[in-house]
Structures are given as structure tokens and as C-alpha cells.
Amino acid sequence: MTESPPAPATRRDVPAPPQTPIRVLVVEDDPVAADAHALYVSRMPGFIVVGVAHSRGDATQILKRTPVDLLLLDLYLPDGHGLQLVRSLRSAGHTADVVAVTSARDLAVVREGVSLGVVQYVLKPFTFATLRDRLARYAEFRAAAGEASGQEEVDRALAVLRTPQPVALPKGLAADTLHAITQALRTAGPEGLSAGAAATAVGISRITARRYLEHLVDTGRATRAPRYGQVGRPELHYRWATP
């Protein structure tokens, strides 16, 4: 009896080819922030940091000699705006994508960045979880291949970049209350707020306000420091973190 030939390998039987790491250049003028951003990227599977630049000039030199797929780009550099760097890269035919890591909230700058190939914006200050979400979505978008079957599939591919997953809040915290506390803290100015003042502004208890303020500190969006009065123990004051 002749033995039947083995069935042809299915797609599942064929090992997936190794994924080429996404090569990232971190461009950030603050050395401490640059090291932190590089560390964040290095913790992401499928990404590799190929260089760190502290100025537009440094970035240009690295890009001349090192293949780069993605720039993690601060927009405020000591020798020019980050979008000037992107504009010069496009003029030279460089197709690297850009994730802007910045405190800039000017929507005109955002629109200009999109036209130059900025695929994501991450506003400072941010946590690793925020950057991880953006980079994971960029990797998914980049991995899409083949021909779309129709408009719906095109829309879905683009939505990967534009619709971040909501970050889960610790148990007992509500998004609307966090938003209210955030707004109160941001509008308080450099003097900041105590937990009691924040509670009065939002209409919640002091203990509850402090939980939300501590969450903002833990996620890098606020700072706290003791304020010493004339008598009694010092009172903690919270300030919105500015880069």
C-alpha cells in the first residue's frame, strides 16, 4: 500500500519570519528626558534605539549615517523647531515617520506636523503606558500589508493610529472627577492647590481630592511639595507639572 504524501503545510505550519525591529532615533534636548525616552522605547518589543540626539544638528548627522524608521521628536530644540528638521528630511527624500513628544498644544502646529508625516503626538508630561500605547499602535499600523478590500478596511487601518485605548484608572477613581481635578489644578497657576482647596473647587471631600491629586503625581502630571505656615504641620501643595 502506497503511503499518502504529507499534506501541504498550512499557513499556520510555516514559522513566521523574524520581525525586523523598528529603528528609533530619540531627539530631545534635555539629557534626562532623552535618557528616559530611550529607556521607554527599549522596553518595547520590536523597537530598537539606534541613536539619541540633543539638537537638530545632531539628529541630522545621525540620520546621514544611520538607517532610521521612526523619530521620537521633541519640537522645541536649541537650534531650531523640530518641524524644521522634519521639513528638511522630507526635502532630502527621507521617509522616516515621526512621533512628536512635546508640550506644544497649538493645533496649527499639529496640522502642520500631520502634513509632514507626524503620525502621533504625545503631550508632556506622560507615562510609559501612554508612550507604549502610541508605539504599539504605530507598530500595528506599520505591519499592515497587502491590498485593502474596501473603504472600511482603509478606515480601520487609519483608526489604529487615531483612537488610543483609554487608560484604566485605579479602582475607585472616576474619569469625570479626575478631569475636574485636573482642570482645577491646571488653572491654579504656579501657586498650586492644597487637597482642601481642590476639594472645594470640585465639590468633593478633601480625602477624595487627595487621592486624585496623588494619582496625578504618580503618573507624572503633577508635583507636590510641603508649604510651611506659621503654626502646625506643613500642608502639601500640588502643582500641574510643566516640562
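Residues numbered from 1 in each chain as written. Predicted model: local features only at pLDDT ≥ 70, side-chain atom pairs only at ≥ 80, totals over all residues. Heavy atoms only, no water.

Tell me about the pairing of strand 7 (residues 118-123), residues and numbers included.
Burial of strand 7 is extensive: five of the six residues sit out of reach of the surface. For strand 6 (residues 97-102) and strand 7, the ladder comprises five bridges, and the chain directions are parallel. Note that in strand 7 the partner of Thr102 across the bridge is Leu123. (Buried < 20%, exposed > 50% of the residue type's maximum accessible area, 1.4 Å probe, protein only. Helix = DSSP H or I, 4+ residues; strand = E, 2+ residues; numbered from the N terminus. Pairing = 2+ DSSP bridges.)

Report on helix 1 (residues 31-42), specifying residues and quantitative values.
Between its first and last C-alpha atoms helix 1 spans 16 Å; for 12 residues at 1.5 Å apiece the expected length is 16 Å, and the two agree. Turning to helix 1, its buried residues are Ala33, Ala34, His37, Ala38, Tyr40 and Val41. For helix 1, the angular spread of the buried residues around the axis is 160°, confining them to a single face. When the buried face of helix 1 is taken as reference, the exposed residues oriented beyond 90 degrees from it are Val32 and Asp35. Considering only its buried residues, helix 1 is in contact with strand 1 (22-27), strand 2 (47-53), strand 3 (70-73), strand 6 and helix 5 (128-143). With a side-chain oxygen positioned 3.0 Å from the backbone nitrogen of Val32, the residue opening helix 1 is Asp30. (Expected span 1.5 Å × (residues − 1). Arc of directions from axis to C-beta. Contact = heavy atoms within 4.5 Å. Polar contact = N/O pair within 3.5 Å; in protein donor to acceptor, adjacent residues only side chain to side chain.)

Can you break down the packing of helix 3 (residues 82-91) against helix 4 (residues 107-116) residue by residue, with the values?
If you want to describe how two helices pack, look at the angle between their axes and the distance between the axes. With their axes 10 Å apart at the nearest point, helix 3 and helix 4 run at an angle of 20° to one another. Classified by the angle their axes make, helix 3 and helix 4 are roughly parallel. Between helix 3 and helix 4 lies a crossing of left-handed hand. Seen from helix 3, the contacting residues are Leu83, Val86, Arg87 and Arg90; seen from helix 4, they are Val109, Glu112, Gly113 and Leu116. Class assignment for the residues of the contact of helix 3 with helix 4 results in four nonpolar, one polar and three charged. (Axes fitted to C-alpha atoms, helices over the stretch in contact; angles between N-to-C directions. Parallel < 35°, antiparallel > 145°, perpendicular 65-115°, else oblique. Left-handed = near helix turned anticlockwise from the far one by under 90°. Nonpolar A, V, L, I, M, F, W, Y, C, P; charged D, E, K, R; others polar.)

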